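Residues per chain, in single letters:
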Amino acid sequence: MQSSQYINPYKPPHPYSLSNKQRLFLKKWEKQRDMPRVMYFLINGFLKKISWVFIILKAVQFIFFNEQSTNFYITGFGVFFLLTEFFFWFFCGLILGWMQYTEKESEYELFKSMRHF
């Protein structure tokens, strides 16, 4: 690794020392850890990623199959199906947010343990 990415470029780095990018990640994640986990799952899982998939799928469905979609979703079963589909994508977003949270949390713990070098 290049020594220019470390704090002191004149001292050779310890093999386990953190780069500036890793130190920045530690600072950002320490600030983000104050947010409740469920809010993190909701914001980073559902709102930032999965909601766009749901909106695009429904838009394509209504653009290309307008009459069939309208006739289907005005029935009772259609409303039930739409709600079921929404909750499916909502829980997929929560699961994606949970996976991202655990990944970043484990990376944080690893970097935190390497911080003293």
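Residues numbered from 1 in each chain as written. Predicted model: local features only at pLDDT ≥ 70, side-chain atom pairs only at ≥ 80, totals over all residues. Heavy atoms only, no water.

K.L.:
Now, about the packing of aromatic side chains: what can you tell me, with residues and values included?
P.N.:
Here the structure, examined in full by the defined rule, presents 17 aromatic pairs. Judged by centre distance (5.7 Å) and plane angle (35°), the ring pair of phenylalanine 62 and tyrosine 73 falls under tilted. Separated by eleven residues along the polypeptide, phenylalanine 62 in helix α2 (residues 37–64) and tyrosine 73 in helix α3 (residues 66–73) bring together distant segments of the chain. Of the residues examined, phenylalanine 62 reaches a relative accessible area of 32% and is grouped as partly exposed. Consider the rings of phenylalanine 86 and phenylalanine 87, whose centres lie 5.6 Å apart with planes at 65°: the pair is edge-to-face. (Phe/Tyr/Trp six-rings, centres within 6.5 Å; stacked < 30°, edge-to-face > 60°. Helix = DSSP H or I, 4+ residues; strand = E, 2+ residues; numbered from the N terminus. Buried < 20%, exposed > 50% of the residue type's maximum accessible area, 1.4 Å probe, protein only.)

K.L.:
So what's going on with the pattern of salt bridges? Residues and values would help.
P.N.:
Summed over the entire model, instances satisfying the criterion amount to two salt bridges. Among the ionic pairs, arginine 33 bridges to glutamate 105, the shortest N-O distance being 2.8 Å. Remark: glutamate 105 occurs in helix α4 (residues 76–114) and arginine 33 occurs in the loop between α1 (20–32) and α2; sequence separation between them is 72 residues. Given the relative accessible area of 14%, glutamate 105 is considered buried. Note that lysine 58 and glutamate 85 form a salt bridge whose closest N and O atoms lie 2.7 Å from each other. (Salt bridge = Lys/Arg side-chain N within 4 Å of Asp/Glu carboxyl O.)

Such coordinate-based values are descriptive only and should not be taken to indicate function.
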